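Residue-level structural notes
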Amino acid sequence: MQGIAASPGIAIGKVYLFKKEILEIDFRPIEENQIHREIARFEEAKHKTREQLEAIQKKLADNMSDEEVDIFSAHLLMVSDPTLSYSVERYIMVNRLNAEAALEKSINEIWEMFQGLDDEYLKERATDIKDVGTSMLYNLAGKEMASLSRLDSEVIVVSPDLTPSDTARMDSDKVLGFVTDAGGRTSHTAIMARSLEIPAVVGVRNATYLLKGGETAIVDGSSGIVYFNPTDEQLDYYYLLKESYSHNKHMLQELRNLPAITTDGRRVEMVANIGVPKDVKVALKNGAEGIGLFRTEFLFMDRATFPSEDEQFKAYKMVVEQMAGRPVIFRTLDVGGDKNLGYMDFPRELNPFLGWRAIRIGLDRPDILKTQLRAILRTSHYGCLRIMYPMIISVEEIRKANWILNEAKDELRKNNIPFNNNIQVGIMVETPAAALIADRLIEEVDFFSIGTNDLTQYTLAVDRGNETIAHLYQPMHPAVLKLIKMVIDASHKAGKWTGICGELAGEETAAVVLLGMGLDEFSMSAGSIPIIKKQIRIVSYEDAKNIADRVLSMSSSNEIAEYLDSITKPF
Ligand code: PEP
Ligand code: MG
């Protein structure tokens with residue numbers, strides 16, 4: 001099967017089909033003589049849910065934060081809550097409904113009641129009620145709820161799609177590779193796979209229809225091909241390829257501590273993108289000189305409440321301390337679009353990527369942004385960090401965000417909490433609007449980081465996660481390159497600097513062109529750092545500038561691709 005190459009490397013193993021079934025609730029009237037049986041079924045589901053929660057709690061005990069421990073304890077209490085049992089029993093006895101229907105109605109009523117409360121904390125409990133209710137409904141139906149958190153053996157996960165929360169919850173040591181029906185190169189599954197260095201092919205379209213689970217599969221994440229039930233010859237070939245891939249990777253590791261410097265002495269920064277504190281290890285292993293993009297939103301996902309200021313501070317401190325003085329760029333919360341939080345109300349939108357997302361949420365909900373900024377400021381006392389706002393389109397947005405930042409600083413000062421007062425503040429250039437007024441925006445900030453994943457989708461009007469139009473998603477389109485060049489030039493004119501933290505920074509074919517355009521910092525999935533470093537170390541800046549000029553004069557992505565192909569020397 002041909003899909004989209006999303007994360008390089010070869011994985012060989014058994015298929016684990018991960019499909020989240022939509023549970024159909026059977027509403028059935030019952031006879032009087034069935035009342036006892038239905039109540040007994042409900043009791044049994046309750047018992048089973050309690051056992052499962054206790055087992056998860058035990059398994060995760062060492063890795064859970066205090067808040068998460070509290071959440072599991074609250075879930076356990078909800079299962080045994082007398083209000084719930086009373087309501088379910090009443091529906092069974094008085095309304096003569098079967099246990100599933102009685103449970104679903106009761107859960108919905110309690111959920112609505114919590115939703116209607118004024119208290120934010122209690123309102124957030126509504127999500128917990130739903131979570132617990134869903135587990136109980138699955139147990140009543142005698143069905144297992146799909147999750148990647150408890151895998152018994154090493155597998156290749158095949159799924160219609162994976163949400164950021166599926167991947168955050170997954171047992172990553174057991175996942176050899178990913179294959180998804182949906183998605184493109186910059187979908188979050190792909191980004192996550194690259195940062196975990198797990199081979200992945202996305203956009204395969206019908207893998208989950210054709211497979212049952214348990215088949216042997218080969219995932220070639222470099223070419224985007226997946227083989228199911230391969231022949232012995234194919235297996236032999238791919239075992240060899242896998243070995244040579246690891247060998248190459250090992251060779252490139254030797255560049256780890258060398259700078260990314262051209263043959264004529266232009267040095268650029270090689271930094272990594274991370275999502276959670278544990279990604280720092282992979283970044284350092286690959287020789288990252290800093291973190292160019294810390295996607296802080298992953299700390300906000302797969303949980304039932306917002307992380308508190310202290311909880312954020314603890315996680316952030318862990319990152320800067322591990323980076324030991326190397327700079328870490330914190331991007332403020334970037335949710336909305338395809339990244340929702342279960343515990344936060346998001347409006348129903350026809351175009352979520354053009355909707356309430358990123359800095360727009362931060363400015364509408366300054367309480368959330370300020371809590372995060374306070375946690376980041378407190379962290380600045382323990383290492384080197386920078387702050388960056390996502391998806392900016394105007395000068396006013398930067399000024400408003402900085403106003404909130406100053407408020408956070410004042411509060412810390414009043415409480416004598418130490419922080420670095422000279423933190424660099426930058427923005428992500430992810431919209432054509434920001435690129436076109438880069439000369440005005442640079443006056444408000446210290447640096448730019450171009451988010452080519454979104455910049456490409458907004459410039460070309462091509463949804464970054466839509467596999468049907470994946471062929472139109474071209475970060476090396478002349479329009480995108482022209483905007484990138486404008487942004488770099490505007491920052492240099494003001495004596496400031498520009499990085500790229502979109503996936504384009506880690507594309508082998510783009511490296512020389514971006515270098516030649518004057519890019520100062522390349523931030524990418526850590527696994528790509530050695531190969532991009534290698535590309536930069538074999539050219540001169542003079543040649544790179546000529547190549548970039550030539551590329552910028554071209555009229556189409558095809559022309560650019562053909563030209564770059566013709567000048568690439570194999571090494
Ligand atoms: C981008 O848009 O290029 C970017 C780096 O942000 P994200 O992929 O998290 O949207
Ligand atoms: Mg983005």
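This one's a predicted model, so the numbers in the text were calculated from it and none came from an experiment. The written sequence of each chain sets the order in which its residues are numbered from 1. Chain letters and ligand numbers both follow the written order, the letters beginning at A and the numbers at 1. With pLDDT at 70 or above as the cut-off, local features in this predicted model cover only qualifying residues; side-chain atom pairs require 80 or more to be listed or tallied, and sums for whole chains, interfaces and linings still use all residues. Hydrogen atoms and water are omitted, and side-chain values are computed over all heavy atoms in the structure.

Some thoughts on the overall build of the protein chain
On a plain count of helices and strands, the protein chain comes out with 22 helices and 16 strands. In this setup the radius of gyration rests on C-alpha atoms only. A globule is expected at 2.2 Å times the number of residues raised to 0.38. In summary, the protein chain has a C-alpha radius of gyration of 26 Å against a globular reference of 25 Å for 571 residues, a match within 12%. By its C-alpha atoms, the protein chain is 85 × 70 × 40 Å across when sized along the principal axes. Every one of the 571 residues in the protein chain was classed for burial, and the buried ones make up 54%. Whether two residues are in contact is decided by their heavy atoms: any pair within 4.5 Å suffices. For the protein chain, restricting intrachain contacts to residue pairs at least 6 apart in sequence, the fraction spanning at least 24 positions comes to 67%. Residues counted as positive are Lys and Arg, residues counted as negative are Asp and Glu, and His and the chain ends are not counted. Positions of charges follow a simple convention, taking NZ of Lys, CZ of Arg, CG of Asp or CD of Glu. Between the averaged position of the 65 positive side-chain charges in the protein chain and that of its 84 negative side-chain charges there is a distance of 3 Å. Strands are runs of DSSP state E lasting at least two residues, helices are runs of H or I lasting at least four, and both sets are numbered from the N terminus onward. Only protein chains enter the accessibility calculation, which uses a 1.4 Å probe; a residue is then buried when its area is under 20% of its type maximum, exposed when over 50%, and partly exposed in between.

Re the state of the cysteines
Working definition: a disulfide is two cysteine sulfur atoms within 2.5 Å of each other. Counting across every chain of the model gives zero disulfides. In this structure Cys-384 is not part of a disulfide, and its nearest cysteine sulfur, from Cys-501, lies 17 Å away. For Cys-384, a relative accessible area of 29% translates into the label partly exposed.

Quick word on the coordination of the magnesium ion (ligand 2)
Donor atoms from the polypeptide that bind the magnesium ion (ligand 2) are Glu-430 (OE) and Asp-454 (OD), placed at 2.0 Å. Here Glu-430, found in the loop between β13 (425-429) and α15 (432-436), pairs with Asp-454, found in helix α17 (residues 452-460); they are 24 residues apart in sequence, far enough to count as distant. According to the relative accessible area criterion, Asp-454 is buried, its value standing at 2%. Each metal's donors are the N, O and S atoms found within 2.8 Å of it, except that Na, K and Ca use a 3.2 Å limit; water is left out, so coordination can look incomplete.

Some thoughts on the site of ligand 1
Close to ligand 1 lie 15 residues; Arg-295, Arg-331, Glu-430, Asn-453 and Arg-464 are nearest. Polar contact is the term for a pair of N or O atoms within 3.5 Å; when the atoms are in protein, one must be able to donate a hydrogen and the other to accept it, and sequence-neighboring residues count only if both atoms are side-chain atoms. In the environment of ligand 1, an oxygen atom lies 3.3 Å from a nitrogen or oxygen atom belonging to the backbone of Gly-451. For ligand 1, an oxygen atom lies 2.8 Å from a polar atom in the backbone of Asn-453. Contributing elements (two or more residues each) for the shell around ligand 1: α7 (188-195), β10 (291-295) and α17. With three residues, the top contributor of residues to the shell around ligand 1 is α17. Residue polarity is assigned by list, with Asp, Glu, Lys and Arg as charged and Ala, Val, Leu, Ile, Met, Phe, Trp, Tyr, Cys and Pro as nonpolar; anything else, Gly included, falls into the polar class. Of the residues assigned to the shell around ligand 1, the class counts are four nonpolar, five polar and six charged. Only a single heavy atom is needed: when it lies within 4 Å of a molecule or strand, its residue is near that molecule or strand.

Focus: helix α14 (residues 395-414)
Taking 1.5 Å of rise per residue, 20 residues should cover 28 Å, and α14 covers 29 Å from first to last C-alpha, within 8% of that figure. All of the buried residues in α14 are Val-395, Glu-397, Ile-398, Ala-401, Asn-402, Ile-404, Leu-405, Ala-408, Lys-409 and Leu-412. Where the residues of α14 are buried, they touch α12 (359-364), α13 (366-379), β12 (385-389), β13 and α16 (438-441). Phi turns positive, to about 55 degrees, at Asn-416, one or two residues after α14. By definition here, a helix of n residues has an expected span of 1.5 Å times n minus one.

Observations concerning the environment of Tyr-389
Relative to the assigned elements, Tyr-389 resides in strand β12. Given the relative accessible area of 0%, Tyr-389 is considered buried. Expressed as a C-alpha distance, the spacing of Tyr-389 and Thr-49, which sit 340 residues apart in the sequence, is 41 Å. Other than its neighbours up to four places away in sequence, Tyr-389 contacts Thr-332, Ile-359, Ile-398, Ala-401, Asn-402, Leu-405, Val-425, Gly-426, Ile-427 and Met-428.

Concerning the domain arrangement of the protein chain
In this entry, domain limits derive from an automatic or database-based domain assignment. If you check the domain split of the protein chain, you get domain 1 (4-19 + 147-252), domain 2 (32-141) and domain 3 (256-567). Using only C-alpha atoms to locate each centre, domain 2 and domain 3 end up separated by 41 Å.

Quick notes on the packing of α17 against helix α18 (residues 478-493)
It is at 10 Å that the axes of α17 and α18 come closest, and there the two elements cross at 125 degrees. The pairing of α17 with α18 is recorded here as oblique in orientation. The chirality of how α17 crosses α18 is right-handed. Counting all contacts with α17, which are made through Thr-452, Leu-455, Thr-456, Thr-459 and Leu-460, the residues of α18 involved are Ala-479, Val-480, Leu-483 and Ile-484. Looking at the contact of α17 with α18 residue by residue, the classes come out as six nonpolar, three polar and no charged. Simply put, an axis is a line fit to the C-alpha atoms, just over the touching stretch for a helix, and the angle between two N-to-C directions goes from 0 to 180 degrees. By definition in this entry, angles of less than 35 degrees are roughly parallel, angles greater than 145 are roughly antiparallel, angles of 65 to 115 are roughly perpendicular, and the rest are oblique. A crossing counts as left-handed when the near helix is turned anticlockwise from the far one by less than a right angle, and as right-handed when that turn is clockwise.

A closer look at the pairing of β12
In terms of burial, β12 is a largely internal element, five of the five residues being buried. Burial along β12 is two-sided: Leu-385, Ile-387 and Tyr-389 and Arg-386 and Met-388, pointing in opposite directions, are all buried. As judged from the three bridges shared by β12 and β13, these two strands associate in the parallel manner. By the bridge assignment, Met-388 is partnered in β13 with Gly-426. Seen with its strands pointing away from the viewer, a crossover is right-handed if its path from the first strand over the helix to the second goes clockwise. Taken together, β12, α14 and β13 form a β-α-β motif whose crossover is right-handed. By definition, two strands form a pair when at least two bridges between them are found by DSSP.

Notes on the nonpolar core
Residues grouped as a nonpolar core are buried Ala, Val, Leu, Ile, Met, Phe, Trp, Tyr and Cys residues, joined through side-chain atoms within 4.5 Å. Ranked by internal contacts, the top residues of the largest apolar core, which has 107 residues, are Ile-484 and Phe-522. Those residues in contact with Phe-522 that lie beyond four places of it in its chain are Val-268, Glu-269, Met-270, Val-271, Ile-500, Ala-505, Ala-511, Leu-514, Leu-515, Ile-532 and Ile-536.

Side note on the sheet that holds strand β3 (residues 155-159)
In spatial order, the strands read β1-β5-β4-β3-β2-β6-β7; together these seven strands make up an open sheet with mixed pairing. Each edge of the open sheet is held by one strand with a lone partner, namely β1 (4-7) and β7 (225-228). The average angle at which neighbouring strand axes cross in this sheet is 30 degrees, direction not considered. In this structure, strand β6 (residues 216-220) lies alongside β7, joined through four bridges in antiparallel fashion. What sits directly across from Val-219, in β7, is Val-226. Sitting on the sheet, helix α9 (residues 232-252) is in contact with β2 (10-17), β6 and β7, with an inclination near 120 degrees to β2.

What about the pairing of β13?
Judged by how many residues are buried, β13 sits mostly within the fold: five of five residues are covered. Neither face of β13 is open: one carries Val-425, Ile-427 and Val-429, the other Gly-426 and Met-428, and all of them are buried. Sheet topology note: the β13/strand β14 (residues 447-450) ladder contains four bridges and is parallel. Note that in β14 the partner of Ile-427 across the bridge is Phe-448.

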